[in-house]
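Structural description and commentary
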Amino acid sequence: MVSTKKMAGFLILIIAVFVFITINTDAAYAAKRQLKFYAPYPEDSYTTEALVELTAMIKEKTKGEIDFKVFPSGQLGTYEDSIEEVRAGTIDASFTWLTKRYHPMLDIGNLPGLCTSGFPEYELMFLDQKSPFVKLIEKYSAEAGFVSLGGWVDPRIGFILKKVPSNIKDNAKKNISLRTPAMPSVRDMAAAMGYNTVTMDYAEVYSAIQTGQIDGASNIPAEDAYLQARDMIKCFDANNMGSTPGWLIINKKLWESFGEKNRKIVQECIAAQLKKWVPIARTIEAKYEKKLEEHGIKVIRYSKEEAIKRSAEVRAQVWPKYAKIYGKDTLKMLEDAVIANQKKLAGK
């Protein structure tokens, strides 16, 4: 008769073998198939080009063990649906914008004034793995059932306007109807800046401007302003007030199957590509702002002092409305991070 002690040891061995086989089967499965990587922007956008280079580097550095194919232009669905697909494993990874559909805190990046002075502040807040914001998203992502890989290069955004208000740099009333996406904190931001807000899907923006339904729109990159709206607007307000960051996420089970070595390689590849592409992103932003000016469109730029002042004013009006959602301590931590980043960039 087998002793209880021997039987327990045998069961432990069986469980260990099962776990080993399961982990290695997942890893082998990932290696045998081409993984799907969602991308919302067109194939020729710099954000998509950066993703293609990233996936090629990952394949090379892992000796083909991790092989992603990038699907641009939202071929696999909407950016919001891609999050659910990543959770389910029907899409393996995504460059997306996080929303509260999957966690009440995940749209915290929509808060205005997180980085208004451009890419240097964007890097500190969203791309630095030590940033308090990045740590928050890691936590919320884990609770939502997927893995955060950090922020990605994404165009800075401004307002496109059919007319130039004389008080464009302050927050007084402007008598201008401004489209905002269906994001409460973005709507509150635009209202705090003096605009009459109209909630509207992005797909309707340019026809609505042409027909006079609205006077302008928020959350538009300079590239889109030039390529799609240059003949219907008079002004591009490069205020960077709404700085919703693009984010990289990956399926939890797949990520765990990579093993420590390959997970480290993926993270190192992301860091290397960000180092290359952030300066390129800055150049492209400046290029399209210049093109807008050459087309006769007034581009409103802000000094660091102006950006810091207006950011503080808008945060003071909007952020307290979200204390019950995000928590006062969380908002205080982010406020401290914003101020610390601004001081760091000012050399203080």
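Structure's up top.
Residues numbered from 1 in each chain as written. Predicted model: local features only at pLDDT ≥ 70, side-chain atom pairs only at ≥ 80, totals over all residues. Heavy atoms only, no water.

**Focus on the nonpolar core**
Grouped together as the largest cluster of nonpolar side chains are 107 residues, with contacts concentrated most on Leu51, Phe133, Trp152, Ile160, Leu248, Ile250 and Phe258. Among the elements that line this core, the one with the most residues is helix H10 (residues 259-294), at 11 residues. In this structure, Ile250 is in contact with Phe68, Val86, Asp92, Ala93, Phe146, Val147, Leu149, Trp255 and Phe258, ignoring residues within four places of it in sequence. (Core = buried A, V, L, I, M, F, W, Y, C linked by side-chain atoms within 4.5 Å. Buried < 20%, exposed > 50% of the residue type's maximum accessible area, 1.4 Å probe, protein only. Helix = DSSP H or I, 4+ residues; strand = E, 2+ residues; numbered from the N terminus. Contact = heavy atoms within 4.5 Å.)

**Looking at the pairing of strand E6 (residues 177-180)**
Alternating residues of E6 divide into Ser177 and Arg179 and Leu178 and Thr180, and every residue in both groups is buried. Looking at chain direction, E6 and strand E7 (residues 196-199) are connected through 4 bridges and run parallel. From the neighbouring strand, Leu178 faces E7, where its bridge partner is Thr197. Of the crossover connections in this fold, the one passing from E6 over helix H6 (residues 184-192) to the parallel E7 is right-handed. (Pairing = 2+ DSSP bridges. Right-handed = clockwise from strand over helix to strand, strands pointing away.)

**Considerations on the environment of Lys275**
For Lys275, the location among the structural elements is in helix H10. For Lys275, a relative accessible area of 71% gives the class exposed. Sequence separation between Lys275 and Thr244 is 31 residues, and the spatial gap between their C-alpha atoms is 20 Å.

**As for the packing of helix H4 (residues 119-127) against H10**
Axes are the key here: two packed helices are described by the angle between their axes and the distance separating the axes. H10 packs onto H4 with a crossing angle of 145 degrees between their chain directions and a minimal axis gap of 11 Å. Crossing of H4 against H10: the hand is right-handed. Facing H4, whose interface residues are Phe119, Pro120, Glu123 and Leu127, H10 presents Leu274, Val278, Ala281, Arg282 and Glu285. Tallied by class, residues from the contact of H4 with H10 come to 6 nonpolar, no polar and 3 charged. (Axes fitted to C-alpha atoms, helices over the stretch in contact; angles between N-to-C directions. Left-handed = near helix turned anticlockwise from the far one by under 90°. Nonpolar A, V, L, I, M, F, W, Y, C, P; charged D, E, K, R; others polar.)

Read these as geometric descriptors, not functional statements.
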